[in-house]
Amino acid sequence: MKHSFVGIDVSKNTLDVHVLPEGLSYSFAYEPQKVKALIRKLKQLKPVLIVMEATGGYEISLAVQLSTAKLSIAVVNPRQVRDYARAIGKLAKTDKVDAYVIARFAQDVKPEARELLTLKELQLKELVMRRQQLIDMRTAEKNRLTRAHTPQVLQEIHEHISDLNARIKAIDEQLHNDIKNNPGWNQKLEIIASVPGIGDNTAHSILFCLPELGKLNRRQIAALVGVAPMNRDSGMMRGKRSIVGGRAVVRKVLHMPTLSAVTRWNKRLKAFYCHLRAQGKKHSVALTACMRKLIIMLNVMVKNNQVYNPKYC
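Remember, predicted model here, so these are calculated numbers, not experimental data.

Q: Is there a simple way to explain the sheet that holds strand β1 (residues 5-10) in this structure?
A: Neighbouring strands of a sheet are bound in pairs by backbone hydrogen bonds; such pairs are parallel or else antiparallel. Spatially, the 5 strands line up as an open sheet ordered β3-β2-β1-β4-β5, and their pairing is mixed. Across the chains shown, the open sheet's two edge strands, defined by having one partner strand only, are β3 (24-29) and β5 (73-76). Each strand axis lies, on average, 20° off the axis of its neighbour in the sheet, ignoring direction. Pairing analysis gives 6 bridges linking β1 to strand β2 (residues 14-20), with the strands arranged antiparallel. Across the sheet, Ile8 pairs through a bridge with Val17, a residue of β2. Across the sheet, helix α1 (residues 32-45) touches β1, β2, β3 and β4 (49-53), and the angle it forms with β3 is around 155°. The strands touched by helix α4 (residues 95-109) within the sheet are β1, β2, β4 and β5, with β1 carrying the most contacts at an inclination of about 140°.

Q: I tried to follow the packing of α1 against helix α2 (residues 58-68) on my own but got confused; where do I start?
A: Helix packing geometry: the angle between the two helix axes and the distance between the axes. α2 packs onto α1 with a crossing angle of 40° between their chain directions and a minimal axis gap of 11 Å. Here α1 is positioned oblique relative to α2, judged by the angle of their axes. Crossing of α1 over α2 shows right-handed handedness. For the pair α1 and α2, the contacting residues are Val35, Leu38, Ile39 and Leu42 in the first and Leu62, Gln65 and Leu66 in the second. Tallied by class, the residues present in the contact of α1 with α2 amount to 6 nonpolar, 1 polar and no charged.

Q: Teacher, can you tell me more about unusual backbone geometry here?
A: Working note: non-glycine residues mostly have negative phi, and peptide bonds are mostly trans. Here the amide bond leading from Leu20 into Pro21 is cis, since omega sits at 5°, within 30 degrees of zero. Positive phi, normally seen in glycine, also occurs at Asn305, with a value near 55°. Structurally, Asn305 can be placed in the segment after α12 (283-303). With a relative accessible area of 46%, Asn305 lands in the partly exposed category.

Rules of the game
Residues numbered from 1 in each chain as written. Predicted model: local features only at pLDDT ≥ 70, side-chain atom pairs only at ≥ 80, totals over all residues. Heavy atoms only, no water. Pairing = 2+ DSSP bridges. Helix = DSSP H or I, 4+ residues; strand = E, 2+ residues; numbered from the N terminus. Axes fitted to C-alpha atoms, helices over the stretch in contact; angles between N-to-C directions. Contact = heavy atoms within 4.5 Å. Parallel < 35°, antiparallel > 145°, perpendicular 65-115°, else oblique. Left-handed = near helix turned anticlockwise from the far one by under 90°. Nonpolar A, V, L, I, M, F, W, Y, C, P; charged D, E, K, R; others polar. Buried < 20%, exposed > 50% of the residue type's maximum accessible area, 1.4 Å probe, protein only.

Okay, here's the thing in structure tokens:
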């Protein structure tokens with residue numbers, strides 16, 4: 001019995017598909033009816049794994065629909081596929097070639113297929129991201145107030161800030177209501193927000209930008225967030241460890257809670273931070289190490305369905 005592997009190259013208007021080992025190739029327009037036709041075709045093939053690259057958000061809608069259709073899907077870093085293409089000597093780059101290379105990557109590497117966000121979770125994640133964009137816009141407008149002198153310009157900036165505040169408040173209310181009406185999300189949010197220094201907004205970001213929290217082990221969750229130090233050794237050379245990749249949005253929202261932890265509410269993290277600083281580690285290095293401990297602590301809390309306990313932590 002053949003085990004089929006599918007590679008999909010996603011662009012703004014087109015989906016190029018390649019199936020191995022059958023060697024079948026298809027091309028579909030990236031529109032709702034054609035996506036449904038693609039899903040029907042893939043259900044007939046019953047592939048072991050479908051792989052596509054993360055392409056700036058174009059892949060998200062298709063990945064969610066494939067996951068909803070109970071098809072095994074993995075979204076991978078484009079750099080991994082490009083490095084694999086060089087390794088097998090595929091230097092040419094077209095949409096059809098890319099689909100073939102992705103299928104070869106799926107067949108040989110077999111990346112892990114993880115559970116994706118549901119459509120509703122995706123919508124709430126976009127709301128969380130939009131809220132952060134509005135906050136950045138508000139900060140930029142507040143900075144412009146100090147350089148504006150014309151009354152008309154000042155009035156327009158103040159009106160824009162008021163409008164941004166209203167939009168942020170509306171998003172907060174929608175997030176609050178949607179999470180409150182879902183027992184699973186509400187319980188997970190209460191566990192995350194029980195940690196001192198983590199407010200509702202930070203908890204919202206962690207909840208929807210890190211859905212794997214509580215499902216992975218400590219090494220996996222640290223690497224996923226991007227707070228695990230990676231070795232750079234070769235022969236007698238011992239290189240400098242550094243963090244690589246990961247989810248920058250999660251690290252960004254955890255920065256202030258970690259800083260609050262090492263300065264105020266967590267004696268163990270504070271002692272660990274002071275120990276690293278005493279050894280000559282830079283502030284940023286020590287803070288990243290504490291952030292790693294904090295995300296591991298949150299992972300264990302969610303996995304065990306346990307709120308924050310100072311003695312436990």
